[in-house]
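Structure assessment
As a plain string of letters, each chain reads:
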Amino acid sequence: MRLSTRGRFAINAMIDLALRQRHSPVPLSELALRHGISLSYLEQVFAKLRQHGLVESTRGPGGGYTLGFRGDSISVADIVTAIEGSAPAPQADEAQAGGPTDMTQALWEQLHTALMAHMQTISLRSLALEQRAKGFAVQEPKASKKGILKRPATSLERPSAPNSVFALGQWLPGRT
């Protein structure tokens, strides 16, 4: 298993999502701005997370991402496996058995197993709670006022002139 920058970004984004999802779905554009990650790069990461059921997407205005159906049971190992793939520990070629690469094969397999076991014990929820304990507070999103116009105050004065030609015809004989 490889641990890359993409995996680190995915874990950071998932912690952010876990901290903010109570309010509404979190748009990727906001995540990209907060973490300084390219939006297209983040879209690729979230596509893989969505394929593995770790996040769910909501389309349209007010849409974004929330944690998937497993919610609190998501582990760091789940996130890294979704992003990096579930490649098994490297195996030595049969042709090179006893060769120089075979000497450390058991070591790499043990390290891979230990790393996966440790990452399986770290839950996304525990990481989010750790951030809250450090004093992280989610700022409430400001209510968007796009497209909402305040209506001008209407006066209750009625015009004294008719509003159509037909009403004018009826109104004129009564005025004389």
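Conventions used here
- Residues numbered from 1 in each chain as written.
- Predicted model: local features only at pLDDT ≥ 70, side-chain atom pairs only at ≥ 80, totals over all residues.
- Heavy atoms only, no water.
- Axes fitted to C-alpha atoms, helices over the stretch in contact; angles between N-to-C directions.
- Helix = DSSP H or I, 4+ residues; strand = E, 2+ residues; numbered from the N terminus.
- Parallel < 35°, antiparallel > 145°, perpendicular 65-115°, else oblique.
- Contact = heavy atoms within 4.5 Å.
- Nonpolar A, V, L, I, M, F, W, Y, C, P; charged D, E, K, R; others polar.
- Phe/Tyr/Trp six-rings, centres within 6.5 Å; stacked < 30°, edge-to-face > 60°.
- Pairing = 2+ DSSP bridges.
- Salt bridge = Lys/Arg side-chain N within 4 Å of Asp/Glu carboxyl O.

Describing the packing of helix 4 (residues 76-84) against helix 5 (residues 105-121)
The relative placement of two packed helices comes down to the angle between their axes together with the axis-to-axis distance. Between helix 4 and helix 5, the least distance of the axes is 6 Å, while the angle of their chain directions is 120 degrees. When the interaxial angle is binned, helix 4 and helix 5 end up oblique. Residues Val 76, Ala 77, Asp 78, Val 80 and Thr 81 of helix 4 pack against Met 116, Met 119 and Gln 120 of helix 5. Partitioning the contact of helix 4 with helix 5 into residue classes produces five nonpolar, two polar and one charged.

Regarding the packing of aromatic side chains
Applying the stated criterion across every chain, the model contains two aromatic pairs. With centroids separated by 5.8 Å and ring planes inclined at 90 degrees, the aromatic side chains of Phe 9 and Tyr 41 adopt a geometry described as edge-to-face. Linking Phe 9 in helix 1 (residues 5-20) with Tyr 41 in helix 3 (residues 39-51), this pair joins segments that are 32 residues apart in sequence. Taking 4.9 Å as the distance between ring centres and 55 degrees as the angle between the ring planes, the aromatic pair formed by Phe 46 and Tyr 65 counts as tilted. Of this pair, Phe 46 sits in helix 3 while Tyr 65 sits in strand 2 (residues 64-67); the two residues are 19 residues apart in sequence, bridging distant segments of the chain.

A closer look at the pairing of strand 1 (residues 55-58)
Where strand 1 meets strand 2, four bridges bridge the pair, whose relative direction is antiparallel. Across the sheet, Ser 57 pairs through a bridge with Tyr 65, a residue of strand 2. Linking strand 1 back to strand 2 in an antiparallel pair, the connection comprises five residues, with Gly 60 at a positive phi of about 90 degrees.

Section: the pattern of salt bridges
Applying the stated criterion across every chain, the model contains four salt bridges. Arg 34 serves as the salt-bridge partner of Asp 16, at 3.0 Å between the closest nitrogen and oxygen. Separated by 18 residues along the polypeptide, Asp 16 in helix 1 and Arg 34 in helix 2 (residues 28-35) bring together distant segments of the chain. Note that Lys 134 and Glu 130 form a salt bridge whose closest N and O atoms lie 3.8 Å from each other.

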